[in-house]
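Notes for the structure review
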Amino acid sequence: MHAPTCLMPDSDSTDFREITMNTHQIVVLGTGYTGMLATVRLAHRTRRFPVRITLVNPSERFTERLRSHQIATGQQLADLRIPAVLTGTGVDFRRAAATAIDPAARRVTLDDGTVLSYATLVYALGSNTDTVRVPGAADHAWTLNTPRTAHRFAQRLDAAATVTVVGGGLTGIESATEIAERHRGVVVTLISTDEPGAMMGDRARAYLNRAMDRLGVVRRTGVRVTKVLPDAIELTTGEVLPSHLTLWTAGVRAPELATASGIATDEQGAILTDPTLRAISHPDIYAVGDAAAVRQPWGRIHGTCQSGIPTAAYAADAIARRLRRM
Ligand SMILES: Cc1cc2nc3c(=O)[nH]c(=O)nc-3n(C[C@H](O)[C@H](O)[C@H](O)COP(=O)(O)OP(=O)(O)OC[C@H]3O[C@@H](n4cnc5c(N)ncnc54)[C@H](O)[C@@H]3O)c2cc1C
């Protein structure tokens, strides 16, 4: 079994103090749904092995990302604390963001200066809204990328007469309907290239359309936004629509960290994986959830909790199986 080390900042100097361990060091980056599930499952599956698991996340509070549209309409969510969930698992939690991965040396650098050494890395950094493709989107459109931005969006809703939600996928639909339901005086427009809910069956789509009619959500279908301005959007038709607040939900990208660290990724920054979810470029790294480009015969798995959670469970089991054979 590989005998890795953990390098931590010395309290008295900028040098690193090396803690040698005869254990297999597993580092999990990201504590969304998939990072959390992979960690807890790994802790359980490897409890009889000489394994040490470290979980890294910038916040101590667990972010329920699929409820971001509720924060964006001013609702309070349950305060779920990651250390509390990890109680009794033996997992070390580090509140920090990973800033660099050195896959050759098997090290991760954190924004607090710590360097973690790993034998196995689980990459579960999720994804963020892709605002780079359309001019003005990064500067003038809002996203649900963090609870903080969602909360700031909510604070501006009361003063907005018009809100445009760009993107007719599930995030756009959920956001548009939630805003229309909670802020009845606001004109909410949902812009999408395809019919909203195009991926749903006929009955579900009919239900969705009735709900949007009841809530007064205006739909503009078959058009794209070509530019986002501070208080308007431009469409492919040439129209300029007033929009006091524009919420961007059209597509996601994985964080740049993997690509910047020389790990093979797809065009959305997600790690290219083999059938066991190991990075094709670096088999010591497993990728799960939105940050993994998992190919199936019908194409790439779309990032959702529903598809991400099985990848986390699978990776945890695959790692435990590998350790058993070592
Ligand atoms: C409004 C909305 C509604 C949705 N509704 C649904 C739904 O109904 N059903 C469904 O299946 N899916 C839904 N989704 C999609 C779902 O939320 C994602 O697919 C899911 O969160 C992906 O899980 P994940 O663990 O891969 O990543 P995430 O949940 O995004 O977690 C990633 C974690 O990594 C952390 N992180 C990021 N960078 C770093 C770093 N450098 N170092 C350390 N940690 C880092 C983040 O802080 C975060 O905690 C919705 C998404 C949104 C935005």
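Residues numbered from 1 in each chain as written. Predicted model: local features only at pLDDT ≥ 70, side-chain atom pairs only at ≥ 80, totals over all residues. Heavy atoms only, no water.

As a further point, take the site of the ligand. Within the structure, the ligand sits among 26 residues, and T34, R65, A98, D290 and C305 are positioned closest to it. At 2.9 Å from an oxygen atom of the ligand is found a side-chain nitrogen or oxygen belonging to D290. Note that an oxygen atom of the ligand is positioned 3.1 Å from one of the backbone N or O atoms of Q306. Across the complex, the protein chains shield 85% of the 1000 Å² of accessible surface that the ligand would expose by itself. Looking at the shell around the ligand, the elements with two or more residues in it are α1 (33-45), β4 (51-57), α6 (170-182) and α9 (305-325). Here the residues of the shell around the ligand sort into eleven nonpolar, twelve polar and three charged. Both of domain 1 (14-127 + 254-324) and domain 2 (130-248) provide at least three residues apiece to the shell around the ligand. (Near = heavy atom within 4 Å. Polar contact = N/O pair within 3.5 Å; in protein donor to acceptor, adjacent residues only side chain to side chain. Areas by Shrake-Rupley, 256 points an atom, 1.4 Å probe, with all protein chains shown as cover. Helix = DSSP H or I, 4+ residues; strand = E, 2+ residues; numbered from the N terminus. Nonpolar A, V, L, I, M, F, W, Y, C, P; charged D, E, K, R; others polar. Domains from an automatic or database assignment.)

Moving on, we come to the pairing of strand β7 (residues 107-110). Because side chains alternate across β7, one face comprises the buried residues V108 and L110, and the other comprises R107 and T109, none of which is buried. As paired strands, strand β6 (residues 98-102) and β7 are joined by four bridges and run antiparallel to one another. What sits directly across from A100, in β7, is T109. Linking β6 back to β7 in an antiparallel pair, the connection comprises four residues, with R106 at a positive phi of about 55 degrees. Sheet topology note: the β7/strand β8 (residues 115-117) ladder contains three bridges and is antiparallel. By the bridge assignment for β8, T109 is matched with V115. (Buried < 20%, exposed > 50% of the residue type's maximum accessible area, 1.4 Å probe, protein only. Pairing = 2+ DSSP bridges.)

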